Amino acid sequence: PPPAAASGARHSAEGMAKTAPAWRWPTALALLALAAVAVASLPAVPPREPIAAPGAAPPQGLMLVTQTAANTSQRLTPMPPRAFVKGGAAPGVATLTVDRSATAQTIVGFGGAFTGSSAWLYAQMNATMKAQFISMYFGRAQGIGYTLGRVPMGSADFAVQPSVSYAMVANDTDLEFFSIDVERAWKLPLIADASAAVQAASASSGRVRGGASGQALGLVASPWSPPAWMKTNKQMICDLWSIVTGCQIEDSDAVKAVYANYFVKTAQAYRQAGAPIRWFTPQNEPGVKPFTYEGSEMNAEQQTDFIERHLGPALATLPAAERPGILVYDWNKNSDYVQFAGTVYNNSAASQYVEGSAVHWYDGDHFDSLSQVHALAPGKIILATEATARNDVDKAWEGGSWSIGEHYLHDLLGDLNNHVTGFIHWNLALKDDGGPLHVGPIVGLPIFGSDAPVIVDVPGSPPLQADVSAEQADAVLAR
């Protein structure tokens, strides 16, 4: 249920004064469990009371039922207990058959992305709202028990500052000036609060619930682009001129070795900040060449070579307990995915460093491609690392539509039935205009935002396609 908005609280940082944000749940997410439940946005309802203490057993021979249903007032509503009866099937009675001999993949968890946009919005909340936000996502008693998260390494499209990397000094081949300080104002505080909640929930439940060890938040870190000075076009975005120059890391062993060290330093810095990384993907959406936000090309052969000769050996220098795994691809699950993963997996020198692959949902279902990749390497995991809906297509939170929730549930169950081991959706929170984000504009092309499971109202915040100014960023850092 949506928490009541705190009254009167204000943030007074220069250039960012505003009332405390209010929020509401849209239908952007299928609540996740092995038996997933879709949640819709309707007018506020009173907070629900726990049906039973966590782990409590129902009466002997009965199962507890909690139901959410479209076109009704039922929202996580306790229903009459149902009885399990052993024996043959009867007309009109559903039969549940459990085959203990048939096992499938081990689920590593579910989660959302700690984007710059979501983290910036989280920073605008007062302490009460932050606690409610964290509890809803990462708690277990009144939350959905997330244990995974994805973090862009520097800028992405959903960020309030463009073209920021962890190596901003050009030609710093020793990475002497490497720093993740750009993340300390927004992303790292959100990750810290989420991580503490995951650990507390795991400790109180006494159960393993995914993540790196069942006790920690499992982070996937992905670059949208290498630092600009390492690229052929010398920009983190892929501008129109990159049609000629290319938009990728320079084809130089020396540069690629520096970039591999960039990943090592990222792993070390995040661990020192209390946010250990569980997996890296070498490149977000490696076939995309975006003109309006950060991106970089890296085809299957290039990624295989980079892992085999640079990234894999570099990460292998870290202690085993501190070494992130590598997930290849990180783009749409389609026929390209099968070919891409096959190229990497068929190279034993590269494949030895690879724990699995990562996929997105933006090109249709293609669930068969998941099973095809699983067949290529049954011992490697498949993690769904990004999924979102455009906010201009169906603002579900406005009209009570179930379509986005049903979309998530359809994709989630299709993934799980085809060997996917975990599911991470995109932004944890956005504004009602689908931002903030810093893409565009390109004349003649529409600019749109995304939907998110939590919508935050922040009066006076950056509009859909504007960057936070240096003065505003300094004010937040000072605060």
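Check the entry above for the structure.
Residues numbered from 1 in each chain as written. Predicted model: local features only at pLDDT ≥ 70, side-chain atom pairs only at ≥ 80, totals over all residues. Heavy atoms only, no water.

Along the backbone of the protein there are 12 helices and 17 strands. Burial statistics for the protein: of 479 residues in total, 52% are counted as buried. The contacts in the protein between residues at least 6 apart in sequence include a share of 76% that link residues at least 24 apart. Carbon together with sulfur atoms contributes 55% to the accessible area of the protein, which is approximately 20,800 Å² in total. (Helix = DSSP H or I, 4+ residues; strand = E, 2+ residues; numbered from the N terminus. Buried < 20%, exposed > 50% of the residue type's maximum accessible area, 1.4 Å probe, protein only. Contact = heavy atoms within 4.5 Å. Areas by Shrake-Rupley, 256 points an atom, 1.4 Å probe, with all protein chains shown as cover.)

Let us now look at the nonpolar core. Membership of the largest hydrophobic core comes to 90 residues, with the highest contact counts inside it found for Phe-114, Phe-133 and Phe-138. It is helix α5 (residues 253-272) that contributes the most residues to this core, 10 residues altogether. For Phe-138, the residues in contact, after removing those within four places along its chain, are Phe-114, Gly-145, Tyr-146, Leu-148, Ala-194, Ala-197, Val-198, Ala-201, Leu-217 and Leu-428. Grouped together as the second largest cluster of nonpolar side chains are 10 residues, Ala-156, Phe-158, Leu-437 and Val-439 included. (Core = buried A, V, L, I, M, F, W, Y, C linked by side-chain atoms within 4.5 Å.)

With that out of the way, let us pick up the packing of aromatic side chains. Per the stated rule, a full pass over the model turns up 22 aromatic pairs. Where Tyr-122 meets Phe-133, the ring centres are 5.5 Å apart and the plane angle is 45°; that geometry is what we call tilted. Residue Tyr-122 is found in helix α1 (residues 116-124), and its partner Phe-133 is found in helix α2 (residues 127-138); the two are separated by 11 residues along the sequence. Under the relative-accessibility criterion, Tyr-122 is labelled buried at 3%. Through successive ring pairs, a cluster of aromatic residues spans Tyr-166, Phe-178, Tyr-259, Tyr-262, Phe-263, Tyr-270, Phe-280 and Phe-306. Geometry around Tyr-122 places Lys-130 over its ring, the cationic atom sitting 5.3 Å from the centre. (Phe/Tyr/Trp six-rings, centres within 6.5 Å; stacked < 30°, edge-to-face > 60°. Lys NZ or Arg CZ within 6 Å of the ring centre and 35° of its normal.)

Keep in mind that most residues, glycine aside, have a negative phi and that most peptide bonds are trans. Cis geometry is found at the peptide bond from Gly-435 to Pro-436, where omega equals 5°. Of note, Pro-436 is situated in the loop between β16 (429-430) and β17 (454-457). Within the chain, Leu-76 stands out as a residue other than glycine whose phi angle is a positive 50°. In this fold, Leu-76 is placed in the loop between β6 (62-67) and β7 (77-83). Leu-76 sits in the partly exposed class, given a relative accessible area of 26%.

Turning to the state of the cysteines, a few remarks are in order. Counted according to the given criterion, the structure contains one disulfide. Put simply, Cys-238 and Cys-247 are joined by a disulfide, and their sulfur atoms are 2.0 Å apart. Because the torsion about its S-S bond is -75°, the bridge between Cys-238 and Cys-247 counts as left-handed. Residue classification places Cys-238 among the buried positions, given a relative accessible area of 0%. (Disulfide = S-S within 2.5 Å.)

In this section: the packing of helix α6 (residues 300-315) against helix α7 (residues 335-345). Close contact between α6 and α7 brings their axes to 9 Å; oriented N to C, the two are set at 30°. It follows that α6 is roughly parallel to α7 by the angle criterion. Both α6 and α7 take part in a crossing whose hand is right-handed. From α6, Ala-300, Glu-301, Gln-303 and Thr-304 reach across to α7, where they touch Phe-340, Thr-343 and Val-344. Considering only residue class, the contact of α6 with α7 consists of three nonpolar, three polar and one charged. (Axes fitted to C-alpha atoms, helices over the stretch in contact; angles between N-to-C directions. Parallel < 35°, antiparallel > 145°, perpendicular 65-115°, else oblique. Left-handed = near helix turned anticlockwise from the far one by under 90°. Nonpolar A, V, L, I, M, F, W, Y, C, P; charged D, E, K, R; others polar.)

Right, let's get into the side chain of Lys-380. In this structure, Lys-380 sits in the loop between α9 (367-376) and β14 (381-386). Buried Lys-380, no salt bridge; nearest opposite-charge side chain is Glu-355, N-O distance 8.9 Å. A polar atom in the side chain of Lys-380 sits 3.1 Å from the backbone oxygen of Ser-351. Look past the residues within four positions of Lys-380 in its chain and what remains in contact with it is Tyr-345, Ser-351, Val-354, Glu-355 and Gly-356. (Lys, Arg positive; Asp, Glu negative; His and termini not counted. Salt bridge = Lys/Arg side-chain N within 4 Å of Asp/Glu carboxyl O. Polar contact = N/O pair within 3.5 Å; in protein donor to acceptor, adjacent residues only side chain to side chain.)

The next subject is the pattern of salt bridges. Evaluated as defined, the whole model comprises 13 salt bridges. The salt bridge partner of Glu-250 is Lys-234, with a shortest N-O separation of 2.3 Å. With a gap of 16 residues between them, Glu-250 in the loop between α4 (242-245) and α5 and Lys-234 in the loop between β10 (218-222) and α4 connect regions that are remote in the sequence. Since its relative accessible area comes to 23%, Glu-250 is described here as partly exposed. Of the charged contacts, one joins Lys-256 and Asp-251 as a salt bridge, the two residues approaching to 3.2 Å between their closest N and O atoms. With relative accessibility at 73%, the residue Asp-251 sits in the exposed group.

Quick look at the sheet that holds β10 now. On the basis of which strands lie adjacent, the closed barrel formed by eight strands has the order β8-β9-β10-β11-β12-β13-β14-β15 and parallel pairing. Here the strands of the sheet are splayed against their neighbours by 30° on average, with no regard to which way each runs. Here strand β9 (residues 148-152) pairs with β10 via five bridges, running parallel. Residue pairing in the sheet places Pro-152 in a bridge with Ser-222 of β10. Of the strands in this sheet, β11 (277-280), β12 (325-332) and β13 (354-360) are in contact with α6, which crosses β12 at around 150°. (Pairing = 2+ DSSP bridges.)

Of all the nine residues making up α1, nine are buried; the element is thus mostly covered by neighbouring parts of the structure. Among all positions in α1, only Gly-116, Ser-117, Ser-118, Ala-119, Trp-120, Leu-121, Tyr-122, Ala-123 and Gln-124 are buried.

Looking now at α5. Each full turn of the α-helix corresponds to 3.6 residues, which orients residues three or four apart in the same direction. If you check α5, its first and last C-alpha atoms are 29 Å apart, about what 20 residues at 1.5 Å a residue would give, namely 28 Å. If you check which residues of α5 are buried, you get Val-255, Lys-256, Val-258, Tyr-259, Ala-260, Tyr-262, Phe-263, Val-264, Thr-266, Ala-267, Ala-269 and Tyr-270. In the segment just after α5, Gly-274 is the residue with positive phi, at about 85°. (Expected span 1.5 Å × (residues − 1).)

Any functional reading would require information beyond the geometric quantities listed.
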